[in-house]
Amino acid sequence: MGQTDRKMFRYVTGFVILFCGVLLLSLCNIGIGSVSVPAKEIVACLSGGAVDSTVRGIVWNIRLPRALSALILGGALALSGYLLQTFFHNPIAGPFVLGISSGSKLTVSLVMVFLLGNAVKISSTALIAAAFAGAMLSMGFVLLMSKRVSNMSMLVVCGVMIGYICSAITDFVVTFADDADIVNLHNWSRGSFSGMSWSNLPTMTVVVIAASVGVFFLSKPISAYQLGENYAKNMGVNLRALRVLLIMLSSILSACVVAYAGPISFVGIAVPQLTKSIFGTNKPILMIPACFLGGSVFCLLCDLIARTVFAPTELSISTVTAVFGAPVVLWVMAARKRRQE
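The rules behind the values
Residues numbered from 1 in each chain as written. Predicted model: local features only at pLDDT ≥ 70, side-chain atom pairs only at ≥ 80, totals over all residues. Heavy atoms only, no water. Core = buried A, V, L, I, M, F, W, Y, C linked by side-chain atoms within 4.5 Å. Buried < 20%, exposed > 50% of the residue type's maximum accessible area, 1.4 Å probe, protein only. Helix = DSSP H or I, 4+ residues; strand = E, 2+ residues; numbered from the N terminus. Contact = heavy atoms within 4.5 Å. Expected span 1.5 Å × (residues − 1). Axes fitted to C-alpha atoms, helices over the stretch in contact; angles between N-to-C directions. Parallel < 35°, antiparallel > 145°, perpendicular 65-115°, else oblique. Left-handed = near helix turned anticlockwise from the far one by under 90°. Nonpolar A, V, L, I, M, F, W, Y, C, P; charged D, E, K, R; others polar. Phe/Tyr/Trp six-rings, centres within 6.5 Å; stacked < 30°, edge-to-face > 60°. Patch = residues over 30% accessible without salt bridge, like charges linked within 9 Å, V, L, I, M, F, W, Y side chains within 5 Å. Areas by Shrake-Rupley, 256 points an atom, 1.4 Å probe, with all protein chains shown as cover. Salt bridge = Lys/Arg side-chain N within 4 Å of Asp/Glu carboxyl O.

Caption draft 1: View of the nonpolar core. Residues Leu-73, Phe-88 and Phe-193 are the most contacted members of the largest nonpolar core, which totals 93 residues. Ranked by residue count, the leading element in this core is helix α3 (residues 53-88), at 16 residues. When sequence neighbours within four positions are dropped, the list of residues in contact with Phe-193 reads Arg-66, Ser-69, Ala-70, Leu-73, Ala-261, Ile-264, Cys-299, Asp-303 and Ile-317. Among the nonpolar cores identified, the runner-up in size contains eight residues, and Val-156, Ile-269, Ala-270 and Val-328 belong to it.

So this is what it looks like as structure tokens:
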């Protein structure tokens, strides 16, 4: 078997593993819980067969929307992290670390507190718009700092500080909210897929799919950009337009996640790195779909652990993603240090 054949075998195997992981974990998320639902009954529910009404209600109204949300938003978050790592040429760049998720959390909290406090109903589109505004605000600060600091490690530190400031303001707003519904924002602010319903899925799906397709169409210029700015210029890539698109698309993806599930940590950093290790390449045409599938697998697994390990108590999704994601970040930093020595 030649080198090309080995690479192709590795790519096919990687995608098969990810697809199987998505299917298996989706079934586990639907079937495992306080009420266990066998695979046979899950298939019957999905195919319209005869099933107990209680079981059908659990599957259709609670677990299936939640599993689909974890699948869609997990993929969006991983893809957002991949775009940020490409933009900054830094393997530990991500929406959570750079404070982008925290900026989105701040603006969504302010909008929800103001509107709920005045008995105004909030649409999904309004939440995504508010989250996008916060993401762009945080990204603006990060970009300003990137012009003043040449060390990428210092840029990450600046992003972390921006995140802390936004989180502190958010906690202050949520803590002193009077309305009982607004106080429940505290659970959302720690990240959770609970409470997802079918009404959330249409807007979420359209936004994520549209942004992901836009990213995929940028595969060729991103590939040139990864080889250096001068090379990209010589290949006719409009660097200014590409940077704007990378920022916009990554912000839309992370904003959609925050609007529905709150800020979720480490997925945007860990998954692209794990995906690169599995496929042994950084080619965008492969990494873009692989990162999306990897993010789906990662979030489905973490959500399953969050709601079952200490049942009936449910952990925040960020607690679980940090447990699995933080070691990956440490591994990436250690590997980078060894290469520099």
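Caption draft 2: Here's a closer look at helix α13 (residues 267-279). Along its 13 residues, α13 runs 18 Å from first to last C-alpha, staying within 8% of the 18 Å computed at 1.5 Å per residue. Here α13 has its buried residues at Val-267, Gly-268, Ile-269, Ala-270, Val-271, Pro-272, Gln-273, Thr-275 and Phe-279. At the exit of α13 stands Gly-280, carrying a positive phi of roughly 65°.

Caption draft 3: Molecular detail of the packing of α3 against helix α14 (residues 284-308). Look at α3 against α14: their axes get within 7 Å of each other, and the N-to-C directions meet at 135°. The pairing of α3 with α14 is recorded here as oblique in orientation. When you trace α3 past α14, the crossing you get is right-handed. Within the contact between the two elements, α3 uses Arg-66, Ala-67, Ala-70, Leu-71, Ile-72, Gly-74, Gly-75, Ala-76, Ala-78, Leu-79 and Tyr-82 and α14 uses Pro-284, Met-287, Ile-288, Cys-291, Phe-292, Gly-295, Ser-296, Cys-299, Leu-300, Asp-303 and Arg-307. For the contact of α3 with α14, the class distribution of residues is 15 nonpolar, four polar and three charged.

Caption draft 4: Geometry of the packing of aromatic side chains. Enumeration according to the criterion identifies four aromatic pairs in this entry. When the centroid spacing of 4.9 Å and the interplanar angle of 65° are considered together, the rings of Phe-15 and Phe-279 count as edge-to-face. Placement of the pair is Phe-15 in helix α1 (residues 3-31) and Phe-279 in helix α13, with a sequence separation of 264 residues. Residue Phe-279 is classed as buried on the basis of its relative accessible area, which comes to 1%. Judged by centre distance (5.7 Å) and plane angle (35°), the rings of Trp-60 and Trp-198 are tilted. You can see Trp-60 sitting in helix α3 and its partner Trp-198 sitting in the loop between α8 (185-189) and α9 (201-217), a full 138 residues away along the chain. The exposure class assigned to Trp-198 is partly exposed, which follows from its relative accessible area of 35%. Members of the aromatic cluster, joined through ring pairs, are Tyr-11, Phe-15 and Phe-279.

Caption draft 5: Main features of unusual backbone geometry. One non-glycine residue, His-89, lies in positive phi territory at about 55°. Along the chain, His-89 turns up in the loop between α3 and α4 (100-117). Positive phi, close to 70°, is recorded for Phe-266, a residue that is not glycine. Along the polypeptide, Phe-266 turns up in the loop between α12 (239-261) and α13.

Caption draft 6: Broad picture of α9. For α9, which comprises 17 residues, the first-to-last C-alpha distance of 24 Å matches the rise-based estimate of 24 Å (1.5 Å per residue) to within 8%. On its buried face, α9 is in contact with α3, α10 (219-226), α12 and α14.

Caption draft 7: Representation of the environment of Pro-263 within the structure. Following the sequence through the fold, Pro-263 ends up in the loop between α12 and α13. For Pro-263 and Pro-95, which are 168 residues apart along the polypeptide, the C-alpha to C-alpha distance reads 9.0 Å. Residues contacting Pro-263, with those up to four places away along its chain left out, are Phe-96, Ser-101, Lys-105, Trp-188, Ser-189, Arg-190, Gly-191, Val-258 and Ser-318.

Caption draft 8: Seen up close, a nonpolar patch on the surface. A surface patch of nonpolar side chains, amounting to about 410 Å² of accessible area, comprises Met-154, Val-157, Met-161 and Tyr-164. Of note, Met-154 is situated in helix α6 (residues 152-175). For Met-154, a relative accessible area of 42% puts it in the partly exposed group.

Caption draft 9: Broad picture of the pattern of salt bridges. Counted according to the given criterion, the structure contains three salt bridges. When the shortest N-O distance is used, the salt bridge between Glu-314 and Arg-66 registers 2.7 Å. In this pair, Glu-314 is assigned in the loop between α14 and α15 (317-340) and Arg-66 in helix α3, connecting sequence segments 248 residues apart. Judged by its relative accessible area of 33%, Glu-314 is partly exposed. Classification of Arg-66 as buried rests on a relative accessible area of 11%. Glu-229 is the salt-bridge partner of Arg-243, the closest N and O atoms lying 2.9 Å from each other. Placement of the pair is Arg-243 in helix α12 and Glu-229 in helix α11 (residues 229-234), with a sequence separation of 14 residues. Given the relative accessible area of 34%, Glu-229 is considered partly exposed. Sharing partners across several salt bridges, the network here consists of Arg-66, Asp-303 and Glu-314.

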